[in-house]
Amino acid sequence: QVQLVESGGGLVRAGGSLRLSCVITASGITINAMGWYRQAPGKLRELVARIGNSGIINYAESVQGRFTISRNNGEKKVDLQMNSLKVEDTAVYYCKAVLGALDYWGKGTLVTVSS
């Protein structure tokens, strides 16, 4: 059974930092791309950052230069370091992993940035 467990969300003031982590429990399956998505109230879920198996990284333009995604294949973990947070970064952040040809999602962790 595949599970993605996120941690690290919370309340932070604008300009502050948070680090999100996602641990993937799966065995015998290759983890391909891993990434973080977010969904703000009343908005569609959107890509924040994605890292492929080859290490190629994509960021949303809105977080470029402020967020850093990293992965540890041995620990089956993907992190998102978020710096210089803005009020508009407030959202539920979801971890996603592509295992084989299937997408798996975590339950999400809330990030709230106050002004």
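Notes on the structure in this doc start here. (Residues numbered from 1 in each chain as written. Predicted model: local features only at pLDDT ≥ 70, side-chain atom pairs only at ≥ 80, totals over all residues. Heavy atoms only, no water.)

**With respect to the overall build of the chain**
Link 1 in the chain: In terms of helices and strands, the chain carries zero helices and 11 strands.
Link 2 in the chain: When the helices and strands of the chain are placed in sequence order, the string is β-β-β-β-β-β-β-β-β-β-β.
Link 3 in the chain: Computed over C-alpha atoms, the radius of gyration of the chain comes to 13 Å, within 12% of the 13 Å expected from 2.2 N^0.38 for 115 residues, which places it in the range of a compact globule.
Link 4 in the chain: Principal-axis analysis of the C-alpha atoms gives the chain an extent of 45 × 25 × 25 Å.
Link 5 in the chain: When the 115 residues of the chain are sorted by exposure, 40% land in the buried category. (Helix = DSSP H or I, 4+ residues; strand = E, 2+ residues; numbered from the N terminus. Rg over C-alpha atoms; globule rule 2.2 N^0.38 Å. Buried < 20%, exposed > 50% of the residue type's maximum accessible area, 1.4 Å probe, protein only.)

**A closer look at the nonpolar core**
Link 1 in the chain: Ile 24, Trp 36, Leu 80, Met 82 and Tyr 93 are the most contacted members of the largest nonpolar core, which totals 29 residues.
Link 2 in the chain: Elements supplying a minimum of two residues to this core: β3 (18-25), β4 (31-39), β5 (46-51), β7 (67-72), β8 (77-82), β9 (91-99) and β11 (109-114).
Link 3 in the chain: The element contributing the most residues to this core is β9, with five residues. (Core = buried A, V, L, I, M, F, W, Y, C linked by side-chain atoms within 4.5 Å.)

**A word on the state of the cysteines**
Link 1 in the chain: Tallied over the full model, the rule gives one disulfide.
Link 2 in the chain: Cys 22 shares a disulfide with Cys 95; S-S distance 2.1 Å. Taking the torsion about the S-S bond as the criterion, the Cys 22 to Cys 95 disulfide, at about -80 degrees, is left-handed. Taken as a pair, Cys 22 in strand β3 and Cys 95 in strand β9 lie far apart in primary sequence, 73 residues in all. Note on accessibility: Cys 22 and Cys 95 belong to one class, buried. (Disulfide = S-S within 2.5 Å.)

**Things to note about the pairing of β11**
Sheet faces and side chains relate simply in a regular strand, where the side chains alternate between the two faces.
Link 1 in the chain: Of the two faces of β11, only the one carrying Thr 109, Val 111 and Val 113 is buried; Leu 110, Thr 112 and Ser 114 on the other face are not.
Link 2 in the chain: Two elements, strand β2 (residues 10-13) and β11, share four bridges in a ladder whose sense is parallel. Looking across to β11, one finds that Leu 11 is bridged to Thr 112.
Link 3 in the chain: One ladder, built from three bridges, connects β9 with β11; its direction is antiparallel. Bridging from a neighbouring strand, Ala 91 pairs with Val 111 of β11. (Pairing = 2+ DSSP bridges.)

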